[in-house]
Amino acid sequence: MATELDELIGFLSSPSPQEARKSIIEALVNLSQVPKLGEFIIQKGGIEKSMELIGGQVQILNQLLTLLIVNLTQSDLGVKRLLQEADKLEGLYVRKLVRLFSKASEGVEDYYEHVASILVNVTQRESGRRLILDPKKGLLKQILPHSDSTSLVRRKGVISTVRNCCFEAENELASILSVSQYLWPALLLPLAGKQIFRKEDTSKMPLELANPLSHERESEGESCIRIEAAEALYLIARHEGGRKALWSVNGPRILQIGYEDEEDHEVMEAYERLGSLLVNEGIVHES
Amino acid sequence: MALWLEPDSENITPEAQTDLDALSALRESAAIELKEKGNEYVKLGKKYYKDAIDCYSRAIQQKSMDAVNTSILHANRAQVHLLLGNNRHALDDAQQAITLNKANVKACFRGAKAALALGSISEAIELCSLGLKEEPENMELSKLKAIIENKAKESAAADAERASKVAKAQVLASIILDRGVSVGNPDYEENTAHRRPWLDDSKLLHWPVLLLYPESMASDFIEDFCEFDTFAAHLDNIFGPDVASPAWDSKCNYTREKVRLFYKSNKGPKLSKGQLLGYLLEGKSLPTEIKDVEDINDNDSQPYKYLHEWKIVPEKSSLHDILARKDHIIPGIPVFYVLSKGSSFYDDFLSGHW
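A brief structural summary. Predicted model only: the values in this text are computed from it and were never measured.

### Topic: the packing of aromatic side chains
Following the criterion strictly, the structure yields 12 aromatic pairs over all chains and no others. Each ring, one from Y259 of chain A and one from Y271 of chain A, has its centre 5.4 Å from the other, and the planes form 55°; the classification is tilted. Highlighted residues: Y259 of chain A in helix α18 (residues 251-261) and Y271 of chain A in helix α19 (residues 265-281), separated in sequence by 12 residues. Overall, the relative accessible area of 8% leaves Y271 of chain A in the buried class. The interplanar angle of 70° and the centroid separation of 4.7 Å between the aromatic rings of W310 of chain B and Y337 of chain B together place this pair among those described as edge-to-face.

Next up, the structure:
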């Protein structure tokens, strides 16, 4: 088996007709679902080869390659290789993926949507979280706007990635809050329910929240997304600076209204945990 | 007379030897006389110290005494140098004295005092220890050693405190620069009692912020404006429903709804990283440069040639966002100008007639 896999990976680098390449990558995607085989592929340079090929002209290959990398980054070893830790070029692969993810246009087939899932895997590691949060690299700013994509894969991936990053809130609160303009819409809109907010509430919000909340909209249907958004907010609200920032955009009012319409028990629990944190910790606040 | 005979020449006649011995004795008694003369001069007081040194020096030059006695000469000369404040000379003499006779405890004592005066703390302690080895019960030496060790501790503590202050200021300076904040010359030190920005436990930046009211030349000082606070939140505080209008605002123009905030753009130049560090540490008006600091943005410390304009501050923005604007250079701390949409002064101000 080993030698066949070797050959397969070898074929990736050598020039082959597109159909052959497609079949090879498909095979690797399937095989990589088995952890032991995934590790083997990583050790034979699967991540590096994929990153070499990705971004090419043939879009279907790009899609398959993202799927392959998703599988390979299920393991810590895969994430380490993708992050290029201790390499002079540390972070370059991830930045390339985020760039491809952001550029993809709506309406056309979404070949890079699974990058969102790759980012979820990457942020399982602290170094991955720090890379995404680094204000100088601006990755979080590029990722967050996709939280309201029509693609479920994108939406889920973005929220999970942000939630993972919020585990660094203790040391990286400033990095998280520095993207407030995109952060609050991403985390609060899924929890805002369907109701149209009144002027007395939206007047206390920045435009990026006030606008959508003043109009009719689709609420977030996936309960897991709503739960993860609440969890991310919880991690931020554990710190006084985070709570203050949340209050300054009238966040608790949004949660209050959104909670009224919530019917899923698990999600309600998430609202309640967040709510009691905000009430108990409290800050000097003008209501 | 056999004056010019080499001392170790083979054929010294008994007569020659007697001559040599006599000479030797003469020189030795001369030296003793000089030493005693020197001691007398010292007793006579400061005016005669130079003469005392002269005597001791001549006595030493005789080279007619043994090591122990020459050591005493050096130690005595060291003492006079100490009295005159010639600490370097005193130390040299003391060291000479010790080399000639390590049991010369007085020399150790005087040497230690000289070394202390010169700031050579470790040498001072060494000399004390040397002396105490010879005379463990010597009170003077023990006392001196204790004083020196205390001084060493105080000095080390002061160094450590300064190092820690510098390190903290460096972290603060880095964070300020990372946030994209451009700091220029601090122009408002008196109005703000030299207040400085600071970091909280979550490493968020807090700034003291000055609000100026050009219409009335009044001012307000916000002691703590966290970088992620919005201007709206602070305006709510200052112009809240239960806050009275300022006394100078007879027409009640300065209300929550009517106030607008502005900053002046491009009011350069920017401080270099070294100057920023100096500003954060020392709190002086024109910061001195701290050397050995990497200056990545050196070219940005050129005087700003761009137009100064009044830029409005959207009140729902955070301080962080407004400070990060490339055209915003803060005069040490953030300063914003408060105007009222309801006053005729508003248009005058913006059209540059102020």
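### Concerning the layout of surface pockets
All names here are of chain A. Its volume calculated, the second largest pocket comes out at about 480 Å³. Those elements that provide at least two residues to the lining of the second largest pocket are α13 (180-188) and α15 (207-213). Of the residues forming the lining of the second largest pocket, the biggest block, four residues, is contributed by α13. Residues that form the lining of the second largest pocket fall into these classes: eight nonpolar, six polar and six charged.

### What to know about the side chain of R196 of chain B
Residues and elements named next belong to chain B. Locating R196 in the fold gives a position in the loop between β1 (182-183) and β2 (198-199). What makes R196 buried here is its relative accessible area of 14%. Within polar-contact distance, the side chain of R196 engages the side chain of E189 at 3.0 Å. A distance of 3.3 Å separates a polar atom in the side chain of R196 from the backbone oxygen of H194.

### Digging into empty space enclosed by the protein
A water-sized probe rolled over the atoms picks out the places where empty space is left. Residues and elements named next belong to chain B. Going through the model one piece at a time under the given rule, you end up with four cavities of 30 Å³ or more. Size it by volume and the largest cavity reaches roughly 90 Å³. As for the largest cavity, its lining consists of D187, Y188, Y263, K264, K267, H328, I329, P331, V335 and Y337.

### Concerning the nonpolar core
Residue and element names in this part refer to chain A. Core analysis: the biggest nonpolar cluster contains 90 residues, and L82 and W184 have the highest contact counts within it. Tallying contributions element by element places helix α16 (residues 223-237) first for this core, with nine residues. Not counting residues up to four positions away in its chain, the partners in contact with L82 are I47, M51, I69, T73, Y93, V94, L97, I118 and V122.

### Notes on the interface of chain A and chain B
For an interface, size is often stated in terms of accessible area lost upon the parts coming together. In this assembly, 16 residues from chain A lie in contact with 13 residues from chain B. Both sides together, the interface formed by chain A and chain B hides about 1100 Å², and carbon and sulfur atoms give 53% of it. In this structure, the connection of chain A to chain B is made through two salt bridges. Where D178 of chain B meets K136 of chain A, a salt bridge forms, and the shortest distance between an N and an O atom there is 3.4 Å. Where chain A meets chain B, there are four residue pairs in polar contact (both at pLDDT 80 or more). Within the residue set of the side of chain A that touches chain B, elements represented by two or more residues are α12 (169-177) and α17 (240-248) of chain A. Sort the elements by how many residues they give to the side of chain A that touches chain B and α12 of chain A lands first, with four residues. Here the residues of the side of chain A that touches chain B sort into five nonpolar, seven polar and four charged.

What counts as what
Numbering of residues begins from 1 in every chain and follows the order in which that chain's sequence is written. The lettering of chains begins at A and the numbering of ligands begins at 1, in the order of writing. For a predicted model such as this one, the threshold for reporting local features is a pLDDT of at least 70, and the threshold for listing and counting side-chain atom pairs is 80 or more; totals across whole chains, interfaces and linings nevertheless cover every residue. Each side-chain value is derived from all of the structure's non-hydrogen atoms; neither hydrogens nor water enter the calculation. Here is the rule: rings of Phe, Tyr and Trp (six-membered ring for Trp) pair when centre to centre is within 6.5 Å. Planes less than 30 degrees apart are stacked, more than 60 are edge-to-face, and the remainder are tilted. Only DSSP runs of H or I covering at least 4 residues are called helices, and only runs of E covering at least 2 are called strands; the numbering of each starts at the N terminus. Remark: exposure states derive from per-residue accessible area (1.4 Å probe, protein chains only) relative to the maximum for the residue type, with buried under 20%, exposed over 50%, and partly exposed in between. The way it works is a 1 Å grid over only the protein atoms, where trapped points that fit a 1.4 Å probe form a cavity and open points with protein on both sides within 12 Å along at least five of seven lines form a pocket, and then any residue with an atom within 4 Å of a point lines it. Grid points are joined across faces, edges and corners, and a volume is the space filled by probe spheres set on the points. Residues are grouped as follows: nonpolar covers Ala, Val, Leu, Ile, Met, Phe, Trp, Tyr, Cys and Pro; charged covers Asp, Glu, Lys and Arg; every other residue, Gly included, is treated as polar. Counted as a polar contact is a pair of N or O atoms within 3.5 Å, where, for protein atoms, one must be capable of donating a hydrogen and the other of accepting one, and residues adjacent in sequence contribute only when both atoms are in side chains. In this text, buried Ala, Val, Leu, Ile, Met, Phe, Trp, Tyr and Cys residues form a nonpolar core when linked through side-chain atoms within 4.5 Å. The contact criterion used is simple: two residues touch if any of their non-hydrogen atoms lie within 4.5 Å. Note: buried area is the sum, over both parts, of the accessible area (probe 1.4 Å) each one loses when the two are combined. Note on definitions: salt bridges are taken to be side-chain nitrogens of Lys or Arg within 4 Å of carboxyl oxygens of Asp or Glu.

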